[in-house]
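Here is how the chains run, residue by residue.
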Amino acid sequence: MEPFISLRSNAVPLVQDNIDTDQIIPARFLKATTKEGFGKNLFRDWRYLHNDKAQPIQDFVLNNPLYTGAILVAGKNFGCGSSREHAAWALADYGFKVIVSSFFADIFKNNALNNGILPITVSEKFLQQIFELSNEQLLCIDLPNQTITIESSGLSELFEINSYKKTCLMNGYDDIDYLLSLKDKIQQYDSTI
């Protein structure tokens, strides 16, 4: 994984609550065993008409050229439903590095963190402020200080993150990389017993 310290990006607004993992990546696309290629089917049933031609639905946010960026801002209860890690794979493969919501399903939140995506939980009020100006909204994410800022207004909120996952994100570690980073300390301890 790439280290994550900070990000300044446009917000891509998906103003809908209760987005489940089957909407993020429909089950019929879960046949691959590697993480690559899932982004093309991210929100497949919302992005394309239900036919074999993959005809884009023009008013869906990911099909609108006004909305580009590495930060997806979604309604409350993002990532609910089944515990498929493929949802995080699809979001990462599409290019999202941060997901902002007022609530995340626990399993999705952990899957996102394990795949290098930072899920940021904000207050309902702050979420609405982002949505109000989202077509021109730049967000600034500062992981070391755990802040998210709306650049145009200067409004900012602190967010919580598990200290272990924060360390992993900032260093680009997965769980194995983290253990390997402690190899010298483990060997030193082992030599004392």
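Note that the structure is a prediction, hence the values are computed from the model and not measured.

Student: I'd like to hear about the overall build of the protein chain, residue by residue, with values.
Tutor: What the protein chain contains, in helices and strands, is eight helices and seven strands. Taking 2.2 N^0.38 as the reference for a compact globule, 193 residues should give roughly 16 Å; the C-alpha atoms of the protein chain span a radius of gyration of 18 Å, in line with that estimate. Along the first, second and third principal axes, the C-alpha atoms of the protein chain reach 65 × 45 × 25 Å. Counting only residues that meet the buried cut, the protein chain has 42% of its 193 residues in that class. By element, 50% of the accessible surface of the protein chain is carried by carbon and sulfur atoms, the whole surface being about 10400 Å².

Student: Quick one: what's the story with the pairing of strand β3 (residues 98–101), residue by residue and with numbers?
Tutor: Here β3 shows no split at all, with V98 and V100 on one side and I99 and S101 on the other all buried. Direction of pairing for strand β2 (residues 71–74) relative to β3: parallel, over a ladder of three bridges. Within the sheet, the bridge partner assigned to I71 lies in β3 and is V98. Tracing the backbone out of β2, into helix α3 (residues 86–94) and back to the parallel element β3 gives a crossover that is right-handed. The sheet contact formed by β3 and strand β4 (residues 118–121) spans four bridges and is parallel. Residue pairing for β4: I99 is matched across the bridge by P119. Following the backbone out of β3, through helix α4 (residues 106–114) and into the adjacent parallel β4, one traces a crossover that is right-handed.

Student: Describe the packing of aromatic side chains, naming the residues involved and giving the relevant values.
Tutor: Under the counting rule described, the total for this entry stands at ten aromatic pairs. Centre to centre, the rings of F43 and F60 are 6.1 Å apart; their planes meet at 55°, and the pair counts as tilted. Highlighted residues: F43 in the loop between α1 (21–24) and α2 (44–47) and F60 in the loop between α2 and β2, separated in sequence by 17 residues. In this structure F43 comes out as buried when scored by relative accessible area, which is 0%. Their ring planes at 15° and their centres at 6.2 Å tell us that F104 and F108 sit as a pair that is stacked. The exposure classification of F104 matches that of F108, with both residues buried. Taken together through their ring pairs, the aromatic side chains of F43, W46 and F60 make up a single cluster.

Student: Tell me what's going on with unusual backbone geometry, and back it up with residues and numbers.
Tutor: The phi angle at F43 is positive, at roughly 50°, despite the residue not being glycine. You will see that Q146, though not glycine, has its phi angle at about 55°, which is positive. Along the chain, Q146 turns up in the loop between β5 (138–142) and β6 (147–150).

Student: Please give an account of the sheet that holds β2 that cites residues and values.
Tutor: Here seven strands make up an open sheet; going across it, the order is β4-β3-β2-β1-β5-β6-β7 and the pairing mixed. Unpaired on one side and paired on the other, β4 and β7 (156–158) mark the two borders of the sheet. Taken pair by pair, the neighbouring strands of this sheet meet at an average axis angle of 25°, ignoring direction.

Student: Hey, could you go over the environment of Q137 for me, with residue numbers and the actual values?
Tutor: Within the secondary structure layout, Q137 lies in the loop between α5 (124–132) and β5. It is 9.6 Å that separates the C-alpha atoms of Q137 and P13, two residues lying 124 residues apart in sequence.

Student: Help me get a handle on the pattern of salt bridges, residues and values and all.
Tutor: What the rule picks out here adds up to four salt bridges. Two residues, D22 and R84, come together in a salt bridge whose shortest N-O distance is 3.0 Å. One end of the pair, D22, is in helix α1; the other, R84, is in the loop between β2 and α3, with 62 residues separating them in the sequence. Accessibility expressed as a relative area gives 36% for D22, which makes it partly exposed. Between D45 and R28 there is a salt bridge; the shortest N-O distance is 2.5 Å. Placement of D45 in helix α2 and of R28 in the loop between α1 and α2 is noted, with a sequence separation of 17 residues between them. Looking at D45, the relative accessible area reads 26%, which means it is partly exposed.

Reading the values: rules and limits
Residues numbered from 1 in each chain as written. Predicted model: local features only at pLDDT ≥ 70, side-chain atom pairs only at ≥ 80, totals over all residues. Heavy atoms only, no water. Helix = DSSP H or I, 4+ residues; strand = E, 2+ residues; numbered from the N terminus. Rg over C-alpha atoms; globule rule 2.2 N^0.38 Å. Buried < 20%, exposed > 50% of the residue type's maximum accessible area, 1.4 Å probe, protein only. Areas by Shrake-Rupley, 256 points an atom, 1.4 Å probe, with all protein chains shown as cover. Pairing = 2+ DSSP bridges. Right-handed = clockwise from strand over helix to strand, strands pointing away. Phe/Tyr/Trp six-rings, centres within 6.5 Å; stacked < 30°, edge-to-face > 60°. Axes fitted to C-alpha atoms, helices over the stretch in contact; angles between N-to-C directions. Salt bridge = Lys/Arg side-chain N within 4 Å of Asp/Glu carboxyl O.

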